[in-house]
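Here are the chains, one letter per residue:
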Amino acid sequence: MIKEITIGQYFPGNSLVHKLDARIKLILTFVFIVSIFLCKNFWSLGLVTFILFLTVAVSQISPKTIFKSLKAIVVIIIVTSFLQIFYNKQGDMLFEWRFIHITSKGLTLAAFTSIRIILLIISGSMLTYTTSPTILTDAVERLFSPLNKLKIDVHVLAMMMTIALRFIPILIEEIDKIMSAQKARGAVFDEGGLVKRAKALMTIIVPLFVNSFRRAYELSFSMECRCYKGGEGRTRLREMKIKLFDVLALLFMAVLIFAIIMLNIYFKSVL
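Every residue gets a number counted from 1 within its own chain, in the order that chain's sequence is written. Residues qualify for local features only when their pLDDT is at least 70, as the model is predicted, and side-chain atom pairs are given and counted only at 80 or more; totals for whole chains, interfaces and linings, by contrast, use all residues. Heavy atoms throughout the structure, all of them, feed into the side-chain values; hydrogens and water do not.

Draft legend 1. Spotlight on the packing of helix α2 (residues 22–38) against helix α6 (residues 104–129). Whenever a helix is involved, its axis is fitted only over the stretch in contact; in every case the axis is a line through C-alpha atoms, and angles between N-to-C directions fall within 0 to 180 degrees. Strands are runs of DSSP state E lasting at least 2 residues, helices are runs of H or I lasting at least 4, and numbering of each runs from the N terminus. At a minimum axis distance of 10 Å, the contact between α2 and α6 shows a crossing angle of 180 degrees. Our classification of the angle between α2 and α6 gives roughly antiparallel. For the pair α2 and α6, contact is made by K25, L26, T29, F32, I33, I36 and F37 and by R116, L119, L120, S123 and L127, respectively. Along the lines of polarity and charge, the residues of the contact of α2 with α6 split into 8 nonpolar, 2 polar and 2 charged. An angle below 35 degrees is treated as roughly parallel, one above 145 as roughly antiparallel, one from 65 to 115 as roughly perpendicular, and anything else as oblique. Residues are treated as being in contact if the distance between any of their heavy atoms lies within 4.5 Å. Basically, the charged four are Asp, Glu, Lys and Arg, the nonpolar ten are Ala, Val, Leu, Ile, Met, Phe, Trp, Tyr, Cys and Pro, and anything else, Gly included, counts as polar.

Here's what the structure looks like:
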C-alpha cells in the first residue's frame, strides 16, 4: 500500500509533455488549476477532463500510475461528497430520514466537487511525473528571479521545494522498510481499536523521524563538503530555451480558458 503512493516521483520519458520547457509546464499547470475552478457546469468540466486525460495519454504515463496517485485522497473525496450530499438541502428531495436529507442538488454538487478534486491531483501530479527535480528547481528559480530585487533568495526557496518533493518517495520507502521490520518482530497495524492502532503507529513514527533527521544532516553535510554556496555564480548544464511548441501550448491553454468561459455563459451553472 505504501509503495503504491507515487506523489513527487519522476518518470523519465521522451513524450511531447516531457519535452515541454519546465517554465512553461509550471505556468500551464497553474493556469489549468485556475481553469478547473472556473468551470461552473459539467460541460466545461467535461472539456477540462478530456484535455487532461488527452495530456496523460500523450505523456505516456501509465493509467495505473495515475490511479495510484488518487489512492492518497480517497478519504478526502468520500468525506467531501458526504458533506455535500447530507448538508445541501437545495433541489428536489430524493430521500429523507430523520436528520438525513438527500437532494438532487446535493448529489450533483457531490459529483462535481469530487471530479474537481480528482482533476486537481492529477494535474499537479503530471508536473512532477514529467519533470525532473533538478529541472523543476531551475524553472522555479527562473520564473521567480524578479523577486531577487526584493532581497528574496529565490534559489534557496526553489531548492527547499525540490528537496521536499524529492524526499517524498524516499520517506515512503523508509516507512515501508520500518513497517516490514516491525511486522517481522510481531507488530500488528491493522487490528484492534483506534487507540491500539495509534499506539502501533508510534513504532513507525519515532524511527521515521530519527531517520529523516539523519538523512537531512547527511544531505547538508554533503552539500557543505561540495562547497555549495547557493545560486550566486552558479552555472547550469542545460540552458532553458522557449521553443515553438511551448508557445503553441500557451496559445492552446488560452483557447481552453476562452472555451470554458463560453460554456459557462451558454449552459446553466450547477454551483
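Draft legend 2. Inspection of the side chain of S123 at higher detail. Checked against the element boundaries, S123 lands in helix α6. Residue classification places S123 among the buried residues on the basis of a relative accessible area of 6%. Sequence-distant contacts of S123, that is, excluding residues within four places in its chain, are made with T29, F32, I33, I36 and L52. Throughout this description, buried means an accessible area under 20% of the type-specific maximum (1.4 Å probe, protein chains only), exposed means over 50%, and partly exposed covers the range between.

Draft legend 3. Region of the structure containing α2. Look at α2: 24 Å from first C-alpha to last across 17 residues, which is about the 24 Å you get at 1.5 Å a residue. Restricting attention to buried positions, one finds in α2 the residues A22, R23, I24, K25, L26, L28, T29, F32, S35 and I36. The elements touched by buried residues of α2 are α1 (16–19), α3 (42–59), α6, α7 (133–143) and α10 (244–266). N or O atoms closer than or at 3.5 Å make up a polar contact, with two conditions inside protein: a donor-capable atom paired with an acceptor-capable one, and, for residues adjacent in sequence, both atoms drawn from side chains. At the N-terminal end of α2, a side-chain oxygen is found 2.8 Å from the backbone nitrogen of R23, two or three residues along, and the residue is D21. One less than the residue count of a helix, multiplied by 1.5 Å, gives the span that helix is expected to have.

Draft legend 4. Geometry of the pattern of salt bridges. The working definition used for a salt bridge is a side-chain nitrogen of Lys or Arg within 4 Å of a carboxyl oxygen of Asp or Glu. In total, this model carries 4 salt bridges according to the counting rule given. With a shortest N-O distance of 3.7 Å, K177 and E173 are connected by a salt bridge. Linking K177 with E173, this pair stays in helix α8 (residues 154–184), spanning 4 residues, or about one helical turn. We note a salt bridge from E218 to R214, for which the minimum N-O separation is 3.3 Å. Here R214 and E218 lie together in helix α9 (residues 194–225), a separation of 4 residues that amounts to about one turn. The class for E218 is partly exposed, based on a relative accessible area of 41%. For R214, a relative accessible area of 37% corresponds to the partly exposed category.

Draft legend 5. How the structure looks around the packing of helix α4 (residues 63–70) against α6. As a packed pair, α4 and α6 sit with axes 10 Å apart at the nearest point and diverge in direction by 120 degrees. As summarised for this structure, α4 and α6 are arranged oblique, according to the angle between their axes. The handedness of the crossing between α4 and α6 is right-handed. Residues T65, I66, S69 and L70 of α4 pack against I118, I121, I122, S125, M126 and Y129 of α6. In terms of residue class, the contact of α4 with α6 is built from 7 nonpolar, 3 polar and no charged. With the far helix as reference, a near helix turned anticlockwise by less than a right angle produces a left-handed crossing, and one turned clockwise produces a right-handed crossing.

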